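# Residue-level structure breakdown
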Amino acid sequence: MSEALNDARRTLKAEATPAASVAIARRIPGKAKAQTEALRDYEAFNAKRRERIPVALWPFWAPGPDTLYRWRVRLTCGCVHEVLTHGNDAFPAEGRWPDPVHRSYLPPGQMWCRHDESANEQYQGVVEWGARGERTFPADPMEPLYDLDVETWMKIRHDEPRTSALWTVTLACGHATEMFSDLDWQPLDGPKRVSAEQQREMIAEFEQLWATDPGSDSDREREHMRRQLAEGWPRPATEQLCYTCPQARAIVVYQGVDWLVPRKKVEKADTGSRPSRKQIEQRLAKAQAEQKRLEEQLAELVQQDRSAE
Ligand SMILES: [Zn+2]
Ligand SMILES: [Zn+2]
């Protein structure tokens, strides 16, 4: 394996959990896409998106290209991506970018960039229980699963279909994941724990298993189970593997490219002469009045859409 590839691997592992880094503005080697191509790509993407978004919300969720500003960003993994923000003063490292797996957003300044050779996922504490759904499972097969022996399998096997609650939770790293609980469990109840006696028995059994069969669980799993045993084996568990950490990379460098629809040369020439304070105040008042008018119009449209539903 080449030295460069080895280095890249080491870097990927070291930055498994991106720290909240301070991104810097700097030229990034390489070239931005051609403006016509960037615009065409956005128009195609936006046309698809607009099919499922009400017209009144287009300015917020599917804006036309003329308010968007193009940037190039370099991530901790070394990859360079082109992104768009609403205006040239909305910096990409301050924005929240999508988590495509959980349909949520990553913490500010992180972007999803998948690499096969990423670091292993680690356990993170659960900090918040969010949206709740339900999922039904069929009865388990008679044949043992998970490499279990028949006797153990028969003890834990579900012979009827069953339904569990499925929650979207936020982990300590700021990422989202999903966790199951019993159907009637609510976050306010807190996790159920085993009795002190059961806890002692479980600890003794697991420690004996690990002593006699050191390879039965990986170090990571064993440490996780030790922590959970020390907490009284909480159900639902109080920590979960984060599969997002290894793929979420912080933006470390950003470079402004241009407006997605370049401003006219005339406007650029205009900025040469500095407007007076009075002129700026007048323009600001006009812009504020226009914003108020648009907000009222939008509120009315949203109201109309709602009553039409
Ligand atoms: Zn990457
Ligand atoms: Zn994470």
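### Some words on the overall build of the protein chain
Per the secondary structure count, the protein chain includes eight helices and eleven strands. Looking at the protein chain as a whole, 28% of its 309 residues qualify as buried. Looking at the protein chain as shown, the accessible area adds up to about 20,800 Å², and 53% of this sits on carbon and sulfur atoms.

### Details of helix α6 (residues 219–230)
Here α6 is twelve residues long and its end C-alpha atoms lie 16 Å apart, about the 16 Å a rise of 1.5 Å per residue gives. Taken together, the buried positions of α6 are Glu221, Arg222, His224, Met225, Gln228 and Leu229. The arc that holds every buried residue of α6, seen down its axis, measures 160°, which confines them to one face. Looking at α6, the residues exposed on the side facing more than 90 degrees away from the buried face are Asp219 and Ala230. Looking at the buried side of α6, the elements it contacts are β7 (122–137), α5 (196–212) and β10 (239–242). Among the residues trailing α6, Gly232 stands out with phi positive, at a value near 90°.

### Re the coordination of the zinc ion (ligand 1)
Here the zinc ion (ligand 1) is held by the protein donor atoms Cys77 (SG), Cys79 (SG), Cys113 (SG) and His115 (NE2), which lie 2.1 to 2.3 Å from it. The coordination sphere of the zinc ion (ligand 1) comprises four donor atoms, whose angles at the metal cover 106 to 115°; the geometry is tetrahedral.

### Quick look at the sheet that holds strand β8 (residues 162–171)
Reading across from one edge, β9-β8-β7-β10 is the order of the four strands in this open sheet, with antiparallel pairing throughout. With one partner strand each, in any of the chains shown, β9 (176–181) and β10 form the two edges of the open sheet. Each adjacent strand pair in this sheet contributes to an overall mean axis angle of 50°, direction not counted. Relative to β8, β7 runs antiparallel, the two sharing nine bridges. If you follow Arg132 over to β8, its bridge partner there is Trp167.

### Some details on the nonpolar core
Val73, Leu75, Val83, Met111 and Ile251 are the most contacted members of the largest nonpolar core, which has 13 residues in total. Secondary structure elements with two or more residues in this core: β2 (68–75) and β11 (248–259). When residues in this core are grouped by element, the largest group, four residues, is from β2. Apart from the residues within four sequence positions on either side, Leu75 is in contact with His81, Met111, Cys113, Arg249, Ala250, Ile251 and Val252.

### A look at the coordination of the zinc ion (ligand 2)
For the zinc ion (ligand 2), every protein donor is listed as Cys173 (SG), His175 (ND1), Cys242 (SG) and Cys245 (SG), and the spread of their distances is 2.1 to 2.3 Å. One can describe the site at the zinc ion (ligand 2) as tetrahedral: its four donor atoms subtend angles covering 106 to 114° at the metal. Counting along the primary sequence, the residues that act as donors to the zinc ion (ligand 2) give the motif C-x1-H-x66-C-x2-C. Of the two residues, Cys173 is situated in the loop between β8 and β9 and Cys245 in the loop between β10 and β11; the sequence distance between them amounts to 72 residues. For Cys173, a relative accessible area of 17% puts it in the buried group.

### A short note on the pairing of β11
Where strand β1 (residues 24–25) lies against β11, two bridges are found, and the strand directions are parallel. Each bridged residue has a counterpart across the sheet, and for Ala25 the counterpart in β11 is Tyr254. Bridge count between strand β6 (residues 110–112) and β11: three bridges; the pairing is antiparallel. Bridged to Trp112 within β11 is Ala248.

### Some points on the packing of aromatic side chains
Where two aromatic rings form a pair, the distance of their centres and the angle of their planes describe that pair. Enumeration according to the criterion identifies 13 aromatic pairs in this entry. For the ring pair Tyr146 and Trp153, a centre distance of 6.2 Å and an interplane angle of 70° mean the geometry is edge-to-face. With relative accessibility at 64%, the residue Tyr146 sits in the exposed group. When its relative accessible area of 1% is taken as the criterion, Trp153 is described as buried. Put simply, the rings of Tyr69, Trp71, Phe91, Tyr254 and Trp259 touch in pairs and so form one group of aromatic residues. The ring of Trp259 is capped by Arg263, whose NZ or CZ atom sits 3.8 Å from the centre of that ring.

### A word on the side chain of Arg249
Structurally, Arg249 can be placed in strand β11. Since its relative accessible area comes to 0%, Arg249 is described here as buried. Within the structure, Arg249 has its side chain in polar contact with the backbone oxygen of Cys113 (distance 2.9 Å).

Here is what the cut-offs are and how they apply
Residues numbered from 1 in each chain as written. Chains lettered and ligands numbered in written order. Predicted model: local features only at pLDDT ≥ 70, side-chain atom pairs only at ≥ 80, totals over all residues. Heavy atoms only, no water. Helix = DSSP H or I, 4+ residues; strand = E, 2+ residues; numbered from the N terminus. Buried < 20%, exposed > 50% of the residue type's maximum accessible area, 1.4 Å probe, protein only. Areas by Shrake-Rupley, 256 points an atom, 1.4 Å probe, with all protein chains shown as cover. Expected span 1.5 Å × (residues − 1). Arc of directions from axis to C-beta. Contact = heavy atoms within 4.5 Å. Donors = N, O, S within 2.8 Å, 3.2 Å for Na, K, Ca; no water. Tetrahedral: all angles 85-135°; square planar, octahedral: opposite > 155°, others 65-115°. Pairing = 2+ DSSP bridges. Axes fitted to C-alpha atoms, helices over the stretch in contact; angles between N-to-C directions. Core = buried A, V, L, I, M, F, W, Y, C linked by side-chain atoms within 4.5 Å. Phe/Tyr/Trp six-rings, centres within 6.5 Å; stacked < 30°, edge-to-face > 60°. Lys NZ or Arg CZ within 6 Å of the ring centre and 35° of its normal. Polar contact = N/O pair within 3.5 Å; in protein donor to acceptor, adjacent residues only side chain to side chain.

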